[in-house]
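Spelled out, the chains give:
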Amino acid sequence: MKITLTGSLGHIGLPLTKELIQNGHSVTVISSKPEKQKDIKALGAKAAIGSVENVLFLRDSFRGADAVYTMVPPANFLDPNLDPGAYNRRIGENFAEAIRQSGVKRVVHLSSVGAHLEKGSGLILGHRAVEVILNRLSEVAITFMRPVGFYYNLYGFVPMIKKEGIISANYGAEEMLIWVSPEDIASAIAEEIIIPLTGRKIQYVASDELTGHETAGILGNAIGKPDLKWVLVSDEQRKISLEAAGLNPRIAAGLVEMFASQHRGELTEDYYRHKPAVMGKVKITDFAKEFAAAFN
């Protein structure tokens, strides 16, 4: 198959590209960074250098593909002028228009757990907005991949652990947390993107489930802090700490609302209704080794 991927060689893009090429597919990787061209070619893929902000570039990169994988690139949360909702909607509209103009009939889009919610989910509303936009496409088969919390988000707690000796957030502690590895997401996409489909499909991806306390315990043991605790704090306390770390206040508020929704169980309610039959291979004990290497 001819498959075009957005996401460059990021956390998901690199293992996804490798797996698809190993399976004999012809892969084009879109990247906004010219310096990535040699790395993409070294993998055996074709590089398409340009921006997802450019609809004509996307159209030309999608044209002729049997399937396309789309994802909204991460935004700069430190940008004081960032409007995350507007950013997601703009990129979503670009994808939709490029898909229409290119004639692509099979799409796998990276969304998120919680995208089923119409309100109260903070930053996840951006993912829902893209799903709504892509759902308007007719005669296009689309799978919405909805991964849960990424392991690597835990790196955000490193400064706190070093300074305060704890993990504190407005979610976690005794509640069950669901984590996922980018490698497991890549494998799920590689499997899904070659499957014929009619209409729409939602697929959740997860690697491990354990409480906040269990998460902290495993990470703590890996970094030589076996007494590391996960402390539940109020929404306001978390918002203050995020803003103190330099986040755009709008982003901080969106994160707090998102995790408050998780704490109430709303964010993951649809996941538990449609839980994947098979969990990913990468467990938090595997990730803890990477976390310890980065921490130390």
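Up top you'll find the structure we're talking about.
Counting from 1, residues in each chain are numbered in the order their sequence is written. Residue-level local features of this predicted model are given only where pLDDT is at least 70; pairs of side-chain atoms are given and counted only at 80 or more, and the full residue set underlies all totals for whole chains, interfaces and linings. Hydrogens and water are ignored here; the side-chain numbers use all heavy atoms of the structure.

### Things to note about the pattern of salt bridges
Step number 1: What counts as a salt bridge is simple: a side-chain nitrogen of Lys or Arg found within 4 Å of a carboxyl oxygen of Asp or Glu. Summed over all chains, the structure comprises 16 salt bridges.
Step number 2: Salt-bridge contacts for arginine 90 lead to glutamate 53; the nearest nitrogen and oxygen are separated by 2.9 Å. With arginine 90 in helix H4 (residues 84-102) and glutamate 53 in the loop between strand E3 (46-49) and helix H3 (55-62), this pair connects stretches of sequence that are 37 residues apart.
Step number 3: Only protein chains enter the accessibility calculation, which uses a 1.4 Å probe. A residue is then buried if its area is under 20% of the maximum for its type, exposed if over 50%, and partly exposed in between. Under the relative-accessibility criterion, arginine 90 is labelled partly exposed at 39%.
Step number 4: A network of salt bridges, in which partner residues are shared, links Glu131, Arg146, Asp270 and Arg273. Counting from the N terminus, the helices are DSSP H or I runs at least four residues long and the strands are E runs at least two residues long.

### A short note on the packing of aromatic side chains
Step number 1: In this analysis, rings of Phe, Tyr and Trp, with Trp reduced to its six-membered ring, are considered paired at centre separations within 6.5 Å, and the interplanar angle assigns stacked below 30 degrees, edge-to-face beyond 60, and tilted for intermediate values. In this structure the tally under the stated criterion is 11 aromatic pairs.
Step number 2: On the numbers, 5.7 Å between centres and 10° between planes, the contact of tyrosine 155 with phenylalanine 291 is stacked. With tyrosine 155 in the loop between strand E7 (149-150) and helix H6 (158-164) and phenylalanine 291 in helix H12 (residues 284-295), the pair connects residues that are 136 residues apart, well separated along the chain.
Step number 3: Residue phenylalanine 291 is classed as buried on the basis of its relative accessible area of 0%.
Step number 4: An aromatic cluster is built from Tyr151, Tyr155, Phe287, Phe291 and Phe295, whose rings are joined through pairwise contacts.

### Concerning the sheet that holds strand E2 (residues 26-31)
Step number 1: Strand pairing is assigned whenever DSSP detects at least two bridges linking the two strands. Ordered in space as E3-E2-E1-E4-E5-E6-E10, the 7 strands form an open sheet in which the pairing is parallel. Bordering the open sheet on either side are E3 and strand E10 (200-205), each of which pairs with just one other strand. If you compare each strand with its neighbour and ignore which way they point, the axes differ by 20° on average.
Step number 2: Note that strand E6 (residues 141-147) and E10 share 6 bridges and pair parallel. The residue of E10 that forms the bridge with threonine 143 is lysine 201.
Step number 3: Across the sheet, helix H7 (residues 182-192) touches strand E4 (67-70), strand E5 (106-110), E6 and E10, and the angle it forms with E10 is around 155°. Axis definition: a line fitted to C-alpha atoms, over the contacting stretch in the case of helices. Angles run 0 to 180 degrees between N-to-C directions. Contact between two residues is taken to exist if any of their heavy atoms lie within 4.5 Å; hydrogens are not considered.

### Overview of the nonpolar core
General note: in soluble globular proteins, nonpolar side chains tend to be found buried as a group.
Step number 1: Side-chain atoms within 4.5 Å link the members of a nonpolar core, which is a set of buried Ala, Val, Leu, Ile, Met, Phe, Trp, Tyr and Cys residues. In terms of nonpolar packing, the biggest core is built from 61 residues, with Phe62, Leu134, Leu154, Phe157, Trp179, Trp230 and Phe291 touching the most fellow members.
Step number 2: If near-sequence neighbours (up to four positions away) are discounted, phenylalanine 62 is found in contact with Thr4, Thr6, Ile30, Val68, Thr70, Phe95, Ala98, Ile99, Ser102 and Val104.
Step number 3: Grouped together as the second largest cluster of nonpolar side chains are 32 residues, Ile12, Leu20, Ala47 and Met71 included.

### A word on the environment of glutamine 22
Step number 1: In this structure, glutamine 22 sits in helix H1 (residues 13-22).
Step number 2: Glutamine 22 sits 22 residues away from glycine 44 along the chain, and the two C-alpha atoms are 9.4 Å apart.

### Section: the packing of helix H9 (residues 235-244) against helix H10 (residues 249-264)
Step number 1: As a packed pair, H9 and H10 sit with axes 9 Å apart at the nearest point and diverge in direction by 145°. Considering how the two elements wind past one another, H9 and H10 form a crossing that is right-handed. Each of Asp235, Arg238, Lys239, Leu242 and Glu243 in H9 lies in contact with H10, whose residues at this interface are Pro249, Ala252, Ala253, Leu255, Val256 and Ala260.
Step number 2: Residue polarity is assigned by list, with Asp, Glu, Lys and Arg as charged and Ala, Val, Leu, Ile, Met, Phe, Trp, Tyr, Cys and Pro as nonpolar; anything else, Gly included, falls into the polar class. The residue makeup of the contact of H9 with H10, split by class, is 7 nonpolar, no polar and 4 charged. Here a crossing is called left-handed whenever its near helix is offset anticlockwise from the far helix by less than a right angle, and right-handed whenever the offset is clockwise.

### Regarding the sheet that holds strand E9 (residues 176-180)
Step number 1: On the basis of which strands lie adjacent, the open sheet formed by 3 strands has the order E7-E9-E11 and mixed pairing. With one partner strand each, in any of the chains shown, E7 and strand E11 (208-211) form the two edges of the open sheet.
Step number 2: By the bridge criterion, 2 bridges tie E7 to E9 in an arrangement that is parallel. Looking at E9, one finds that glycine 149 is bridged to tryptophan 179.

### Brief notes about the environment of isoleucine 178
Step number 1: With respect to the helices, strands and loops of the structure, isoleucine 178 is situated in strand E9.
Step number 2: A C-alpha to C-alpha distance of 8.7 Å links isoleucine 178 and threonine 268, two positions 90 residues apart in sequence.
Step number 3: In contact with isoleucine 178, not counting residues within four places along its chain, are Val148, Gly149, Ala206, Asp208, Glu209, Thr268, Tyr271 and Tyr272.

### Considering the pairing of E2
Step number 1: Within E2, 5 of the 6 residues are buried, which leaves the element mostly enclosed by the surrounding structure.
Step number 2: Pairing of strand E1 (residues 2-5) with E2 involves 4 bridges; the strand directions are parallel. Bridging across to E2, leucine 5 finds its partner in valine 29.
Step number 3: Handedness of the crossover is the feature at issue here: the chain leaves E1, passes through H1, returns alongside E2, and the resulting connection is right-handed.
Step number 4: The handedness of a crossover follows from its direction of travel: if, with the strands pointing away from the viewer, the path from the first strand over the helix to the second runs clockwise, the crossover is right-handed. For the crossover that starts at E2, traverses helix H2 (residues 37-42) and ends in the parallel E3, the hand is right-handed.

### Looking at unusual backbone geometry
Trans peptide bonds make up most of the peptide bonds, and negative phi angles are found at most residues other than glycine.
Step number 1: Residues other than glycine seldom take positive phi values, yet glutamate 139 does so here, at roughly 60°.
Step number 2: Inspection of the secondary structure assignment puts glutamate 139 in the loop between helix H5 (124-135) and E6.
Step number 3: Residue glutamate 139 is classed as exposed on the basis of its relative accessible area, which comes to 67%.
Step number 4: A positive phi angle is found at alanine 173, which is not glycine, with a value near 55°.
Step number 5: Mapped onto the elements, alanine 173 comes out in the loop between strand E8 (166-169) and E9.

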